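Residue strings, one per chain:
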Amino acid sequence: ERKTSATRGEVISNGVENEIVPHKCSKPEYCKDAFVILSIGRYAREKRHVVLIRAAGKSKYKDKIQLIIAGEGALEKRYRALSGKYGLRPPILGFMQRSELNAALGYADLYVHPADIELEGIACLEAVKSGRTIVVSDSPKSAAGALVSDGRGLFKAGNADSLARRIDYWIEHGEELESSDRYYA
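So, here is what we can say about the structure in this document.

Our focus in this paragraph is the pattern of salt bridges. In total, this model carries 12 salt bridges according to the counting rule given. For E46, the salt bridge is made with R42, and the minimal N-O distance between the two is 2.3 Å. Residue class for E46 comes out partly exposed when judged on its relative accessible area of 28%. E126 is the partner of R98 in a salt bridge, and the nearest nitrogen-oxygen pair spans 3.2 Å. Of this pair, R98 sits in helix α3 (residues 98-107) while E126 sits in helix α4 (residues 122-130), placing them 28 residues apart in sequence. On the accessibility criterion, R98 (31% relative accessible area) is partly exposed. The structure contains a network of salt bridges with shared partners spanning K24, R132 and D181.

Our next topic: α3. Three- or four-residue spacings in an α-helix give side chains the same orientation, since the helix completes a turn every 3.6 residues. Along α3, the residues classified as buried are L101, N102, A104, L105, G106 and Y107. Those residues of α3 hidden inside the fold are in contact with β1 (35-40), β2 (65-70) and α4.

What follows is about the state of the cysteines. Tallied over the full model, the rule gives 0 disulfides. For C31, which is in no disulfide, the shortest distance to another cysteine sulfur is to C25 and amounts to 9.7 Å. By relative accessible area, C31 is classed as buried at 0%. With no disulfide of its own, C124 lies closest to C25 among cysteine sulfurs, the gap being 19 Å. Note on C124: relative accessible area 0%, which makes it buried.

With that out of the way, let us pick up the environment of S59. As for its placement among the helices and strands, S59 is situated in the loop between α1 (49-58) and β2. A relative accessible area of 5% places S59 in the buried class. When the C-alpha atoms of S59 and L105 are compared, they prove to be 22 Å apart, with 46 residues separating the residues in sequence.

This part takes up the sheet that holds strand β6 (residues 154-155). Across the sheet, 6 strands lie side by side as β3-β2-β1-β4-β5-β6; this open sheet has parallel pairing. The sheet is open, and its two edges are formed by β3 (92-94) and β6, each paired on a single side. As paired elements, β1 and strand β4 (residues 110-113) share 2 bridges and run parallel to each other. The residue bridging L38 from the neighbouring strand is Y111, located in β4. Each of β1, β2, β4 and β6 touches α1; the most contacted strand, β2, lies at about 170 degrees to it. Helix-sheet contacts for α4 involve β1, β4 and β5 (134-137), and the interaxial angle to β4 is about 165 degrees.

Cut-offs and rules
- Residues numbered from 1 in each chain as written.
- Predicted model: local features only at pLDDT ≥ 70, side-chain atom pairs only at ≥ 80, totals over all residues.
- Heavy atoms only, no water.
- Salt bridge = Lys/Arg side-chain N within 4 Å of Asp/Glu carboxyl O.
- Buried < 20%, exposed > 50% of the residue type's maximum accessible area, 1.4 Å probe, protein only.
- Helix = DSSP H or I, 4+ residues; strand = E, 2+ residues; numbered from the N terminus.
- Contact = heavy atoms within 4.5 Å.
- Disulfide = S-S within 2.5 Å.
- Pairing = 2+ DSSP bridges.
- Axes fitted to C-alpha atoms, helices over the stretch in contact; angles between N-to-C directions.

Here it is, written out as structure tokens:
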């Protein structure tokens, strides 16, 4: 017979910065006329930013969308090329300092987190804490799905058409988006 004993467990998390608070700020000149979609995460395959770029390219409003994907990694050239292939505005890509990221959270219209695998969803939590409506993958391997308020915040994992429909919905329903932002705040 095998004897078992209790194991002490502790949650280890990066947490969310205290400086992040609900806020809105003016858009920079380059995107004043755009619907700004922000996504945060390293440029790695499982983060599925390619799905976001394809979805923006399939949107009825692709000419109005400005993508900002804050992060860095080996897929940056692919993201730029794919954005060009879909005829999107040049995306804003690259690492952002905390102050730049806080500003982007303040002027973004929507936060999209397309990752298939997400253990904590810190970036999503930061977006929520900033008062941004989020749209996330319904992947069973992603914790981010637990953060959405209702089905309007979920899209079928890996499916650019499903995400494009969600993006179009929020662009077309500005009053609901403002109400949703207040709910998340």
